[in-house]
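Understanding the architecture of this molecule
The primary structure of each chain is shown beneath.
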Amino acid sequence: MEIIQVVGLGLLVAILSLILKEQKPMFAFLLTACAALFIFIFLADKIAAVIRVIESLALETNVNLVYLKTILKIIGIAYIAELGAQIVRDSGFSSIASKIELAGKVLIIVMAVPIIEVLIRTVISMLPSSA
Amino acid sequence: MNFDINAIFQIAGIGIITAMIHTVLKQMGKEDMAHWATVIGFVVVMFMVIRLLDQLFQEIRTIFLFQ
């Protein structure tokens, strides 16, 4: 029942940061950032277990490991970008948060380009040649 | 959850105590000392958060095969 711990941590941090915001808004921001980091570190352990299983399945079925690595990198980029964007949005700069999300999307596209290229080449090779 | 939950309380406590010190020093008429106390408390908390951030990034780097 780790969800109870996460919810309890969230409620506690919300109350503490409400108290702190009256006195020092900077400390309230750092407190919420710290709580977000705690929850993400906690989730990283759980995601690691899932990824181990996916990795072993991919090794058994002889999938090209480059594709798996690319997908995992994309998930990692999404994870970090989400964390950063949420922390920045909490501090009230939603425009910067949108830029972080945009950067995450662009970097994901850049990572996915080789896979898309292979897919399109496969489709082209299936087409009947015009000659 | 195997991590140190005390860091949350430490940060909240440092914030409250710094606010108290700030108020007391202001009442005594030492404005610049009050601001220094706030800055030092902020830097201490910032170090804690940055250490956590480093831990998270290392963990993500090992999990998602970034090496």
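As the structure is a computational prediction, the values presented were derived from the model and not from experiment.

Turning our attention to helix H2 (residues 25–60) of chain A. Helix length check: H2(A) (36 residues) gives 52 Å between terminal C-alpha atoms against 52 Å at 1.5 Å per residue, within 8%. Positive phi shows up at A:Asn62, right after H2(A), with a value of about 60 degrees.

With that out of the way, let us pick up the environment of A:Gly8. If you trace the backbone, A:Gly8 turns up in helix H1 (residues 2–23). Spatially, the C-alpha atoms of A:Gly8 and A:Ala49 are 24 Å apart, while their sequence positions differ by 41 residues.

Attention now goes to helix H4 (residues 94–126) of chain A. Helical periodicity: at 3.6 residues per turn, an α-helix aligns residues three or four positions apart in one direction. Residue and element names in this part refer to chain A. Across its 33 residues, H4 extends 46 Å between first and last C-alpha, which sits within 8% of the 48 Å expected from 1.5 Å per residue. Of all the bends in H4, the largest measures some 40 degrees and sits at Ala112, one to four residues before the proline Pro114. Buried residues of H4: Ala97, Gly104 and Ala112, and no others. Close packing links the buried residues of H4 with helix H3 (65–90).

Residues A:Leu31, B:Ile8 and B:Val49 are the most contacted members of the largest nonpolar core, which totals 37 residues. Only H1, H2 and H3 of chain A together with helix H1 (6–27) and helix H2 (31–63) of chain B provide two or more residues apiece to this core. A total of 15 residues in this core trace back to one element, the largest contributor, which is H2(A). Apart from residues lying up to four places away in sequence, A:Leu31 is in contact with A:Val13, A:Leu16, A:Ser17, A:Leu20, B:Ile8, B:Ile11 and B:Ala12.

Here we come to the packing of aromatic side chains. Taken as a whole and assessed by the stated rule, the structure comprises 3 aromatic pairs over all chains. Look at A:Phe40 and A:Tyr79: their rings are 5.0 Å apart centre to centre, the planes differ by 50 degrees, and that puts the pair in the tilted class. One end of the pair, A:Phe40, is in helix H2; the other, A:Tyr79, is in helix H3, with 39 residues separating them in the sequence. Looking at A:Tyr79, the relative accessible area reads 11%, which means it is buried. An aromatic cluster of at least three residues, connected via ring pairs, comprises A:Phe40, A:Tyr79 and B:Phe64.

By secondary structure assignment, the location of B:Thr18 is in helix H1. On the accessibility criterion, B:Thr18 (6% relative accessible area) is buried. Beyond its immediate stretch of four places on either side in the chain, B:Thr18 contacts A:Phe27, B:Ala37, B:Thr38 and B:Gly41.

Moving on, we come to the pattern of salt bridges. Residue and element names in this part refer to chain A. The tally for this structure, following the rule as stated, stands at 4 salt bridges over all chains. When the shortest N-O distance is used, the salt bridge between Arg52 and Glu55 registers 3.7 Å. Residue Arg52 and its partner Glu55 are both found in helix H2; the two are separated by 3 residues, about one turn of the helix. Residue classification places Arg52 among the partly exposed residues on the basis of a relative accessible area of 44%. Judged by its relative accessible area of 23%, Glu55 is partly exposed. A salt bridge links Glu101 to Arg89; the nearest nitrogen and oxygen atoms lie 3.5 Å apart. Here the residue Glu101 occupies a position in helix H4, and Arg89 occupies one in helix H3, the gap between them amounting to 12 residues. Look at Glu101 and you get partly exposed, because its relative accessible area is 25%. Arg89 gets classed as partly exposed once you look at its relative accessible area, which sits at 37%.

Criteria and cut-off values
- Residues numbered from 1 in each chain as written.
- Chains lettered and ligands numbered in written order.
- Predicted model: local features only at pLDDT ≥ 70, side-chain atom pairs only at ≥ 80, totals over all residues.
- Heavy atoms only, no water.
- Helix = DSSP H or I, 4+ residues; strand = E, 2+ residues; numbered from the N terminus.
- Expected span 1.5 Å × (residues − 1).
- Bend = angle between axes of the 7 residues up to and from the residue.
- Buried < 20%, exposed > 50% of the residue type's maximum accessible area, 1.4 Å probe, protein only.
- Contact = heavy atoms within 4.5 Å.
- Core = buried A, V, L, I, M, F, W, Y, C linked by side-chain atoms within 4.5 Å.
- Phe/Tyr/Trp six-rings, centres within 6.5 Å; stacked < 30°, edge-to-face > 60°.
- Salt bridge = Lys/Arg side-chain N within 4 Å of Asp/Glu carboxyl O.

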